[in-house]
Amino acid sequence: MVDVTDLLTDLNSDQLKAVTHQAGPAMVLAGAGSGKTKVLTTRVAWLLANRMALPEEILLATFTNKAAQEMNRRVYDLTGFSLPFAGTFHSLCAKILRKEAHHLHLPVGFSIYDAADQTSLINQIYKANQLDAKRYKPVMIKAKISEAKNELLTPERSAALAADDFQEFVARAYKLYQHALEQQSALDFDDLLLLTVRLFKQHPDVLARYQEQITHVLIDEYQDTNKAQYQLTKYFALPQENIYVVGDFAQSIYAWRGADYRNLNKLKKDFPTMAEYRLEQNYRSTQTILDAATQIIAQNTSHPILNLWTENKQREPITLIETETGELEAQTIARCIADAHASRDYSQFAILYRTNAQSRAFEE
């Protein structure tokens, strides 16, 4: 394990304050490019180096497999330890359910269906029950079932809340879908969260066992949590209340899959002694880009706005060009790239477009 002093050497003053938070709940509001992954993994290493926790007492959660692998690698490089409870919310819940399956009368060897498996199963349900795929598209019903599960709603509760024909159809399809999953000894990704919440709610003795073991909970990208993940956060964080979340209201982009950036505010209400740290130094962009982004984001008055700054004071301006058609837009951008290619390699250019439908014109 590295020396504690060496661990903190490369941190700026705000990162240092966040990493060395002593105990109790803490929220780190981290702007884009501010080194949040570095802070999160260094925080884990700092806890271990100061013997404030053992590896098996730390839960480290994030949202994508890639991010989880990167965090695990960094923690290992810093400490030489692998954390038993580190990964995505879904992988952690799967691990718990494999161990505790009997409490919910689940087969230990349950399958986990991915998106393609889910779509196939819903199509089978449509066919077997002669449901109208033209009126209510299966892909839309799949999304609505996922939404219900992320809100911790059972098929029965969904039916009770249905206020129109569409919602009644969703509730019926949800019930048929859930029955089909059970028949095939399968769970989908949303079940992993839903059933872990149910496990802890229905079996306080099981919850107490995990709460006794896990003394520190660290969660990345907290603005992307949904209702189920928020409830899991509260379960894991008690009774020690050593909950440490990193997030940024302005970077929430997953509302379409149930994420609610307001969970950051709810967390403050549920943990009123929560300390707040801000990472506002950016290491990725120029000040011009940061100023432009901040001016746009600042129009949103519903949450705190970070004042991002950087030592990179390069003042190359942002250019705005308006065109009348998508084809003309693509031609204009292609010309800009061709003109600038003399001084830059093509690998230094990126084109971002809002929808996939726009890509064809740029490609041509």
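Residues numbered from 1 in each chain as written. Predicted model: local features only at pLDDT ≥ 70, side-chain atom pairs only at ≥ 80, totals over all residues. Heavy atoms only, no water.

What about helix α13 (residues 263-270)?
The condition is simple: Summary of the burial criterion: residues with accessible area below 20% of their type's maximum are buried, those above 50% are exposed, and those between are partly exposed, where the area comes from a 1.4 Å probe applied to protein chains only. In this text, helices come from DSSP runs of H or I with a minimum length of four residues, and strands from runs of E with a minimum of two, each type numbered from the N-terminal end. Here, the arc refers to the directions that run from the helix axis to the C-beta atoms. Working rule for contacts: check all heavy atoms of both residues, and any pair within 4.5 Å makes them a contact.
Burial in α13 covers these residues: N263, L264 and L267. One side of α13 holds all its buried residues, which, seen down the axis, span an arc of 105 degrees. Against the buried residues of α13 lie β1 (26-30), α12 (227-237) and β7 (243-247).

Some thoughts on the sheet that holds β7
Filter applied, for reference: Strand pairing is assigned whenever DSSP detects at least two bridges linking the two strands. Axis definition: a line fit to C-alpha positions, over the contact stretch in the case of helices; interaxial angles, taken between N-to-C directions, run 0 to 180 degrees.
With respect to topology, six strands assemble into an open sheet ordered β3-β2-β6-β7-β1-β8, the strand pairing being parallel. Edge strands, defined here as strands with exactly one partner in the open sheet, are β3 (85-88) and β8 (275-279). Averaged over neighbouring strand pairs, the angle between their axes works out to 10 degrees when direction is ignored. Pairing geometry for β1 and β7, over four bridges, is parallel. Pairing of A26 across the sheet is with Y244, part of β7. Relative to strand β6 (residues 216-219), helix α3 (residues 36-49) is tilted by about 165 degrees, and along the sheet it contacts β1, β2 (58-62), β6, β7 and β8.

Quick notes on the side chain of D224
Along the chain, D224 falls in the loop between β6 and α12. Owing to a relative accessible area of 7%, D224 belongs among the buried residues under this scheme. Not counting the four nearest positions on each side in its chain, D224 is found in contact with F63, Q229, Q251, S252, I253, Y254 and A259.

Examining the packing of helix α7 (residues 138-150) against helix α10 (residues 189-202)
Selection rule: Each angle gets one of four labels, with under 35 degrees taken as roughly parallel, over 145 as roughly antiparallel, 65 to 115 as roughly perpendicular, and the rest as oblique. The handedness criterion is simple: a crossing whose near helix is rotated anticlockwise from the far helix by less than a right angle is left-handed, and one whose near helix is rotated clockwise is right-handed. By the convention adopted, Pro, Cys, Tyr, Trp, Phe, Met, Ile, Leu, Val and Ala count as nonpolar, Lys, Arg, Asp and Glu as charged, and the other residues, Gly among them, as polar.
Two elements in contact, α7 and α10, have axes separated by 9 Å at closest approach and are oriented at 20 degrees. Taken together, the axis directions place α7 and α10 in an arrangement best described as roughly parallel. Here the hand of the crossing between α7 and α10 comes out left-handed. Seen from α7, the contacting residues are S146, K149 and N150; seen from α10, they are D190, D191, L193 and L194. The residue makeup of the contact of α7 with α10, split by class, is two nonpolar, two polar and three charged.

Re the packing of aromatic side chains
Put simply, the rule reads: A pair of aromatic rings is counted whenever rings of Phe, Tyr or Trp (Trp by its six-membered ring) have centres within 6.5 Å, and the orientation is called stacked for planes under 30 degrees apart, edge-to-face for over 60 and tilted otherwise. The criterion is that NZ of a Lys, or CZ of an Arg, lies within 6 Å of the ring centre and within 35 degrees of the ring normal, and then a charge sits over that ring.
Counting across every chain of the model gives ten aromatic pairs. Look at F200 and Y235: their rings are 5.7 Å apart centre to centre, the planes differ by 75 degrees, and that puts the pair in the edge-to-face class. Of the two residues, F200 sits in helix α10 while Y235 sits in helix α12, which places them 35 residues apart along the sequence. On the basis of relative accessibility, which here comes to 1%, the residue F200 falls in the buried class. Ring geometry for F249 against Y261: centres 6.1 Å apart, planes inclined by 75 degrees, an arrangement best described as edge-to-face. Separated by twelve residues along the polypeptide, F249 in the loop between β7 and α13 and Y261 in the loop between β7 and α13 bring together distant segments of the chain. Using a relative accessible area of 4% as the deciding quantity, one classes F249 as buried. The rings of F85, F200, Y210, Y235 and F236 are connected pair by pair, giving a single aromatic cluster. A cation over a ring is seen here: K95 above F85, with NZ or CZ 5.2 Å from the ring centre. The ring of F110 carries R98 above its face, with NZ or CZ at 3.9 Å from the centroid.

Points about unusual backbone geometry
Put simply, L238 and P239 share a cis peptide bond, and its omega is 0 degrees. Along the chain, P239 falls in the loop between α12 and β7. In this model, L152 sits at a positive phi of 65 degrees, which is unusual for a non-glycine residue. Here L152 lies in the loop between α7 and α8 (155-161). For L152, a relative accessible area of 24% corresponds to the partly exposed category.

Notes on the pairing of β3
So the rule is basically this: Place the viewer so that the strands point away; then a crossover is right-handed whenever the path from the first strand over the helix to the second strand goes clockwise.
By the bridge criterion, four bridges tie β2 to β3 in an arrangement that is parallel. What sits directly across from A61, in β3, is G87. Of the crossover connections in this fold, the one passing from β2 over helix α4 (residues 65-79) to the parallel β3 is right-handed.

Here's the deal with the pattern of salt bridges
To keep it simple, the criterion reads: We define a salt bridge as a side-chain nitrogen of Lys or Arg found within 4 Å of a carboxyl oxygen belonging to Asp or Glu.
A complete count under the given rule lists 16 salt bridges for this structure. K36 is the salt-bridge partner of D220, the closest N and O atoms lying 3.2 Å from each other. Of this pair, D220 sits in the loop between β6 and α12 while K36 sits in helix α3, and the two are 184 residues apart along the sequence. Looking at K36, the relative accessible area reads 15%, which means it is buried.

Section: helix α11 (residues 204-213)
Within the sequence span of α11, burial applies to V206, L207, Y210 and Q211. Each buried residue of α11 sits inside an arc of 135 degrees when the element is viewed along its axis, so together they form one side. In α11, the exposed positions angled more than 90 degrees off the buried face are occupied by P204, D205 and E212. Lining the buried residues of α11 we find β3, α5 (89-100), α10 and α12.

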